[in-house]
Amino acid sequence: GSWTGSFERRSGNRPPHRPEASIRRRPPLTAEPHALNRLIDRFITYLLVEKGLSKATLESYSRDLLRYAAFLVRCGRPTVSEADTPLILKHLIELRAQGLGTRSRARHLVSLRGFYRFLAQENVLSADPSKLIDLPKVQLTLPDVLSVEEVRRLLNAPQSRNPQGIRDAAMLEVLYAAGLRVSELVGLKLQDVHLDAGFVRVMGKGSKERVVPIGQYAREKLLFYLGKGRNLMLKNRTSPFLFIARAGRPITRQGFWKLLRRYAEAAGLAKNITPHSLRHSFATHLLEGGADLRAVQVMLGHADIATTQIYTHVANDRLREIHRRFHPRG
């Protein structure tokens, strides 16, 4: 069967197989791809069961490994070995020739590194050939960040004359106050909101839960929405979701994107505003105000602090500009 969707299955009911033999005996060419498929199947299952990665991340790994498997077949080497370092490099060079950017190639190498490291850990291979290859140098791309004044204009754009406007004002305020991803925002349920304590409970990537404070403004907007907007939108229906659309269904990510674009235009913002722009602004404004990097990492739900560190570059860039403009010898 196809292994690209293998993370949706469990391997517990299948008879055990011995991928070591499929690698070392070098069976006929037509049989080798199936051995590789089984190894990839085991790796994806490991990422699901042991690492608890999200479905989107598992799909990304699957696509990358499928592409690499096809490359190996074209090279007449439809299996893996300890001597694959030149092949991995050749694959990365081919990806660059096909127009893939540095970040995409880096992601491919991360997928291959994880796969080969797994094979070495499982003693399928005696060594990991990918560890000799450095990640491509990724040029730092600073996130598109709104100023505090631009955020204020955006958050004031919704009109509170109807239930939808009251809802939209609360959504924007919570997105910025808690630095949520858009999927986390639209997935919030009533039980996740603790207004007395002033925090929301968020289910992030990889089903990792975190608690994030929301502050006074978001709390007031949520109270107003729950008291004046949500019940009118429900029209005697019930829904477990905090932010609802028609018939009590949760608002979709696409629906929120459309709302955000409309409010950005109404606020007169020329920048290309996305839901992530408010998440970027949340992190940058906290760091500029003196927040600890580790605390921002926890609030953003980043597993690795290196992911959060990009915002220190944004803050430092702003500080350099302020120094250049206002210091007597800047």
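Just above, that's the structure.
What you are looking at is a predicted structure, and each value in this text was computed from that prediction instead of being measured.

Now for the overall build of the chain. Within the chain one finds 14 helices and three strands. Nonlocal contacts in the chain, meaning residues at least 24 apart in sequence, comprise 62% of its contacts between residues at least 6 apart. Of the roughly 18,300 Å² that the chain leaves accessible, carbon and sulfur atoms contribute 52%.

Moving on, we get to unusual backbone geometry. At lysine 235, a residue that is not glycine, the phi angle is positive and equals roughly 55 degrees. Its place among the elements puts lysine 235 in the loop between α9 (215-234) and α10 (253-266). A relative accessible area of 61% places lysine 235 in the exposed class. Here asparagine 236, not a glycine, exhibits a phi torsion of approximately 70 degrees, which is positive.

This next bit is on the packing of helix α11 (residues 275-288) against helix α12 (residues 293-300). In contact at an axis separation of 10 Å, α11 and α12 are set at 160 degrees when each is read in the N-to-C sense. Relative to α12, α11 is oriented roughly antiparallel. For the crossing formed where α11 meets α12, the hand is right-handed. Contact residues: Arg279, Phe282, Ala283, Leu286 and Leu287 in α11; Leu293, Val296, Met299 and Leu300 in α12. Per-class residue counts for the contact of α11 with α12 are eight nonpolar, no polar and one charged.

The subject of this paragraph is the environment of glutamate 122. Residue placement: glutamate 122 occurs in the loop between α5 (102-121) and α6 (148-155). Glutamate 122 sits 79 residues away from phenylalanine 43 along the chain, and the two C-alpha atoms are 10.0 Å apart. Polar contacts involving the side chain of glutamate 122 include one to the side chain of arginine 42, which spans 2.9 Å.

Attention now goes to the layout of surface pockets. Its boundaries defined by the atoms lining it, the second largest pocket holds a volume of some 380 Å³. Elements that contribute at least two residues to the lining of the second largest pocket include exactly α7 (163-178), α9 and α10. At three residues, α10 tops the list of elements feeding residues into the lining of the second largest pocket.

So, about the packing of helix α3 (residues 55-74) against α5. Orientation of α3 relative to α5, taken along the N-to-C sense of each, is 85 degrees, at an axis distance of 9 Å. Viewed along their axes, α3 and α5 adopt a mutual orientation that is roughly perpendicular. Where α3 abuts α5, its residues Ser60, Tyr61, Asp64, Leu65, Arg67 and Tyr68 lie against Arg107, His108, Val110, Ser111, Leu112, Phe115 and Tyr116. When grouped by side-chain class, the residues that make up the contact of α3 with α5 number seven nonpolar, three polar and three charged.

The next thing to look at is the pattern of salt bridges. Applying the stated rule across the entire model yields ten salt bridges. Arginine 42 serves as the salt-bridge partner of glutamate 122, at 2.9 Å between the closest nitrogen and oxygen. You can see glutamate 122 sitting in the loop between α5 and α6 and its partner arginine 42 sitting in helix α2 (residues 32-49), a full 80 residues away along the chain. Overall, glutamate 122 belongs to the partly exposed group, its relative accessible area being 34%. Where salt bridges share partners, they join Arg181, Glu184 and Arg210 into one cluster.

Our focus in this paragraph is the packing of aromatic side chains. In the structure shown here, the tally under the stated rule is nine aromatic pairs. Judged by centre distance (5.9 Å) and plane angle (80 degrees), the ring pair of phenylalanine 43 and tyrosine 61 falls under edge-to-face. In this pair, phenylalanine 43 is assigned in helix α2 and tyrosine 61 in helix α3, connecting sequence segments 18 residues apart. Of the two residues examined, phenylalanine 43 and tyrosine 61, each falls in the buried class. Counting every residue linked through ring pairs, the aromatic cluster contains Phe43, Tyr46, Tyr61, Tyr68, Phe71, Phe115, Tyr116 and Phe118.

Next up on the list: the sheet that holds strand β1 (residues 193-194). With antiparallel pairing, the three strands of this open sheet are ordered in space as β1-β2-β3. Two strands close off the open sheet at either side, each with one partner strand: β1 and β3 (209-213). Sheet topology note: the β1/strand β2 (residues 199-203) ladder contains two bridges and is antiparallel. Looking at β2, one finds that valine 193 is bridged to valine 200.

So, how was this worked out
- Residues numbered from 1 in each chain as written.
- Predicted model: local features only at pLDDT ≥ 70, side-chain atom pairs only at ≥ 80, totals over all residues.
- Heavy atoms only, no water.
- Helix = DSSP H or I, 4+ residues; strand = E, 2+ residues; numbered from the N terminus.
- Contact = heavy atoms within 4.5 Å.
- Areas by Shrake-Rupley, 256 points an atom, 1.4 Å probe, with all protein chains shown as cover.
- Buried < 20%, exposed > 50% of the residue type's maximum accessible area, 1.4 Å probe, protein only.
- Axes fitted to C-alpha atoms, helices over the stretch in contact; angles between N-to-C directions.
- Parallel < 35°, antiparallel > 145°, perpendicular 65-115°, else oblique.
- Left-handed = near helix turned anticlockwise from the far one by under 90°.
- Nonpolar A, V, L, I, M, F, W, Y, C, P; charged D, E, K, R; others polar.
- Polar contact = N/O pair within 3.5 Å; in protein donor to acceptor, adjacent residues only side chain to side chain.
- 1 Å grid on protein atoms, 1.4 Å probe; cavity = no way out; pocket = protein on both sides within 12 Å on 5 of 7 lines; lining within 4 Å.
- Points joined across faces, edges and corners; volume = space filled by probe spheres on them.
- Salt bridge = Lys/Arg side-chain N within 4 Å of Asp/Glu carboxyl O.
- Phe/Tyr/Trp six-rings, centres within 6.5 Å; stacked < 30°, edge-to-face > 60°.
- Pairing = 2+ DSSP bridges.

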